[in-house]
Number of protein chains: 2
Amino acid sequence: MTSTPIADLWPTLPGADTRPEAAYRLLQAAVESFAERGFHATTTRDIATAAGMSPAALYIHYQSKAALLAEISQAGHTATLALVRAAAAGDGGPAQRMRRMVEQFTAWHARARTVGRVVNYELHALPEDAYAVVAALRLDIEREVSALIEAGAAAGEFEVAEVRTAARAVTSLGIDVSRWYTERSSETPEELGRRYGDLVLRMLGARV
Amino acid sequence: MTSTPIADLWPTLPGADTRPEAAYRLLQAAVESFAERGFHATTTRDIATAAGMSPAALYIHYQSKAALLAEISQAGHTATLALVRAAAAGDGGPAQRMRRMVEQFTAWHARARTVGRVVNYELHALPEDAYAVVAALRLDIEREVSALIEAGAAAGEFEVAEVRTAARAVTSLGIDVSRWYTERSSETPEELGRRYGDLVLRMLGARV
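Residues numbered from 1 in each chain as written. Chains lettered and ligands numbered in written order. Predicted model: local features only at pLDDT ≥ 70, side-chain atom pairs only at ≥ 80, totals over all residues. Heavy atoms only, no water.

> How should the overall build of chain A be read in this particular structure?
A count of helical and extended segments in chain A gives 9 helices and 0 strands. From first element to last, N terminus to C terminus, chain A shows the α and β order α-α-α-α-α-α-α-α-α. Computed over C-alpha atoms, the radius of gyration of chain A comes to 18 Å, within 12% of the 17 Å expected from 2.2 N^0.38 for 208 residues, which places it in the range of a compact globule. Viewed in the frame of its principal axes, chain A has a C-alpha envelope of about 60 × 35 × 30 Å. Every one of the 208 residues in chain A was classed for burial, and the buried ones make up 54%. Sequence-distant contacts in chain A: of pairs separated by 6 or more residues, those separated by 24 or more amount to 69%. Counting 22 positive and 25 negative side-chain charges, chain A places the centres of these two groups 3 Å from one another. (Helix = DSSP H or I, 4+ residues; strand = E, 2+ residues; numbered from the N terminus. Rg over C-alpha atoms; globule rule 2.2 N^0.38 Å. Buried < 20%, exposed > 50% of the residue type's maximum accessible area, 1.4 Å probe, protein only. Contact = heavy atoms within 4.5 Å. Lys, Arg positive; Asp, Glu negative; His and termini not counted. Charge placed at Lys NZ, Arg CZ, Asp CG, Glu CD.)

Structure (structure tokens):
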């Protein structure tokens, strides 16, 4: 099973429905090039070539490779924040919602691992304004996770010594899946999500 | 607090005691360059310049930047395997030894985060023979963690559904510390290690 194509991650971005197909091809080519060689070693020519276009054609859609990275990073973070928010606002008590959150966050990082790598390991290459946007999205993700842990503790469903450290561990486990998960992994993204859901609930002191 | 200097991680490598000081300077410069810009975007000239040497002087010690990466990667993995083995062979029952293993593995990845990033995120840039050596070391680390989980389950101290997934989660939590830990983090490496020790023991179903 190959990694999720970029177009599936894009619906949350403004203007996604009117975006020309060439822009998706460029984003896809950029994700693959950045993941394989790193942002700094990738040229706009590499990206254009991989998308079957000329460098001049790339510049019609994006001013620079940094603009591509900014859009990829913003889209990836917007998608995971949406998923975390939906789980937090779902049915059931805090433990049930946390289980769903971890299942989906984990499965996303397994399926969209190529995007996940770029989004998490090339943060420092972002231009300053794009970094500010992404940092705010990351903070929102962390806050959703922390708030759900606090709700669980208040409801007597969790028992946690340090909410911030626990929230960090929860997101960290999911993010790191992008690093190690491959198409040869023995668990499907959904199986891994369920197992990580069990492990996280225990970590939070829930009786499972 | 800055990241651990490279020389502190080198004692486990063959020939470490007779290595010229210039080699350490090159390794340190290579770690910093690879961590900042990625392996592919770093030239041997960048490394030599950062070490205060000429490219010609670099070649006296290393044939290529890949040879530097191979040595860094081998040293990092040798150091973490040694630490994991020492904890596994230490005093006390499986839960006590697991706690010590997680504390030290976590603190190492916080302290030596720059090396940790290079070692974990540039694996695919390794030449084939060096990759084989490092892959074997990684497998040994995973086996030590799995064996300790199995010993804990056999002794009735742990209760684990899937040993492999649990072992993966334990190492993953520690490795990902290299990504997010900074000198501005509010916890010291040792505090973080203790908190992660608590979380992991819970994850393994130990009564703590």
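> Before we go on, may I ask you to explain the interface of chain A and chain B in this structure?
Where interface size is quoted, it is often the accessible area lost as the parts come together. Contacts between chain A and chain B engage 30 residues on the former and 30 residues on the latter. For the pair chain A and chain B, the two sides together bury roughly 2700 Å², of which 54% comes from carbon and sulfur. For the chain A face of the interface with chain B, the top three residues by lost area are Arg-179, Arg-202 and Met-203 of chain A, together amounting to 22%. Of the charged contacts, one joins Glu-162 of chain B and Arg-195 of chain A as a salt bridge, the two residues approaching to 3.5 Å between their closest N and O atoms. Broken down by secondary-structure element, the contributors of at least two residues to the side of chain A that touches chain B are α1 (21–37), α6 (113–121), α8 (163–180) and α9 (189–203) of chain A. If one sorts the elements of the side of chain A that touches chain B by residue count, α8 of chain A sits on top with 11 residues. Among the residues forming the side of chain A that touches chain B, the class breakdown is 12 nonpolar, 6 polar and 12 charged. (Buried area = accessible area lost by both parts, 1.4 Å probe. Salt bridge = Lys/Arg side-chain N within 4 Å of Asp/Glu carboxyl O. Nonpolar A, V, L, I, M, F, W, Y, C, P; charged D, E, K, R; others polar.)

> Teacher, can you tell me more about the pattern of salt bridges here?
Two side chains with opposite charge may pair up if their charged atoms get near one another. All names here are of chain B. Counted according to the given criterion, the structure contains 22 salt bridges over all chains. Notably, a salt bridge pairs Arg-179 with Asp-176, separated by 2.7 Å at the nearest N-O pair. Of this pair, Arg-179 and Asp-176 are both found in helix α8 (residues 163–180), 3 residues apart, which corresponds to roughly one turn of the helix. On the basis of relative accessibility, which here comes to 14%, the residue Arg-179 falls in the buried class. Of the charged contacts, one joins Arg-184 and Glu-183 as a salt bridge, the two residues approaching to 3.9 Å between their closest N and O atoms. Owing to a relative accessible area of 67%, Arg-184 belongs among the exposed residues under this scheme.

> What exactly am I supposed to notice about the UniProt feature "DNA-binding region" (unreviewed entry) in chain A here?
If you check UniProt for "DNA-binding region" (unreviewed entry), the listed places come out as residues 43–62 of chain A in our numbering. In this annotation, residues 43–62 of chain A is assigned 70% helix and 0% strand; the end-to-end C-alpha distance for the span is 13 Å. (UniProt positions renumbered as here; feature names shortened; annotations may be inferred.)

> I would appreciate a short explanation of the side chain of His-77 of chain B in the present structure.
All names here are of chain B. Structurally, the position occupied by His-77 is in helix α4 (residues 65–88). From its side chain, His-77 meets the backbone oxygen of Ser-73 in a polar contact 2.8 Å long. Setting aside its immediate chain neighbours within four residues, His-77 contacts Val-119, Leu-123, Val-134, Leu-137, Arg-138 and Ile-141. (Polar contact = N/O pair within 3.5 Å; in protein donor to acceptor, adjacent residues only side chain to side chain.)

> Can you help me understand the relation of the copies chain A and chain B in this one?
Applying a rotation about an axis and a shift along it to one chain copy brings it onto the other copy. After a rotation of 180° and a shift along the axis of 0.0 Å, chain A superposes on chain B with an RMSD of 0.0 Å. Expressed as an axis order, the relation between the two copies is that of a two-fold axis. (Least-squares fit on C-alpha atoms with pLDDT ≥ 70 in both.)

> What should I look at first to understand the packing of α4 of chain B against helix α6 (residues 113–121) of chain B in this one?
All names here are of chain B. The geometry of α4 relative to α6 is characterised by a closest axis approach of 9 Å and an angle of 110° between their N-to-C directions. Taken together, the axes of α4 and α6 are roughly perpendicular relative to one another. Contacts between α4 and α6 involve Leu-69, Ile-72, Ser-73, Gly-76 and His-77 from the former and Val-115, Val-118 and Val-119 from the latter. Its residues assigned to classes, the contact of α4 with α6 comprises 5 nonpolar, 3 polar and no charged. (Axes fitted to C-alpha atoms, helices over the stretch in contact; angles between N-to-C directions. Parallel < 35°, antiparallel > 145°, perpendicular 65-115°, else oblique.)

> Would you take a moment to explain the UniProt feature "domain: HTH tetR-type" (unreviewed entry) in chain A for this structure?
The UniProt record marks residues 20–80 of chain A with the feature "domain: HTH tetR-type" (unreviewed entry), using the residue numbering of this structure. Helix makes up 77% of residues 20–80 of chain A and strand 0%, with an end-to-end C-alpha separation of 24 Å.

> Would you take a moment to explain the domain arrangement of chain A for this structure?
All names here are of chain A. Each assigned domain of chain A is listed here: domain 1 (6–65) and domain 2 (66–203). Put simply, the middle of domain 1 and the middle of domain 2, counted by C-alpha atoms, are 25 Å apart. With 21 residues of domain 1 in contact, the opposing surface of domain 2 contributes 16 residues. Counting the surface lost from both domain 1 and domain 2, the interface buries some 1700 Å², and carbon and sulfur atoms represent 77% of this. In this structure, the connection of domain 1 to domain 2 is made through 0 salt bridges. No other element matches the 6 residues that α1 contributes to the side of domain 1 that touches domain 2. The residue inventory of the side of domain 1 that touches domain 2, partitioned by class, reads 14 nonpolar, 5 polar and 2 charged. (Domains from an automatic or database assignment.)

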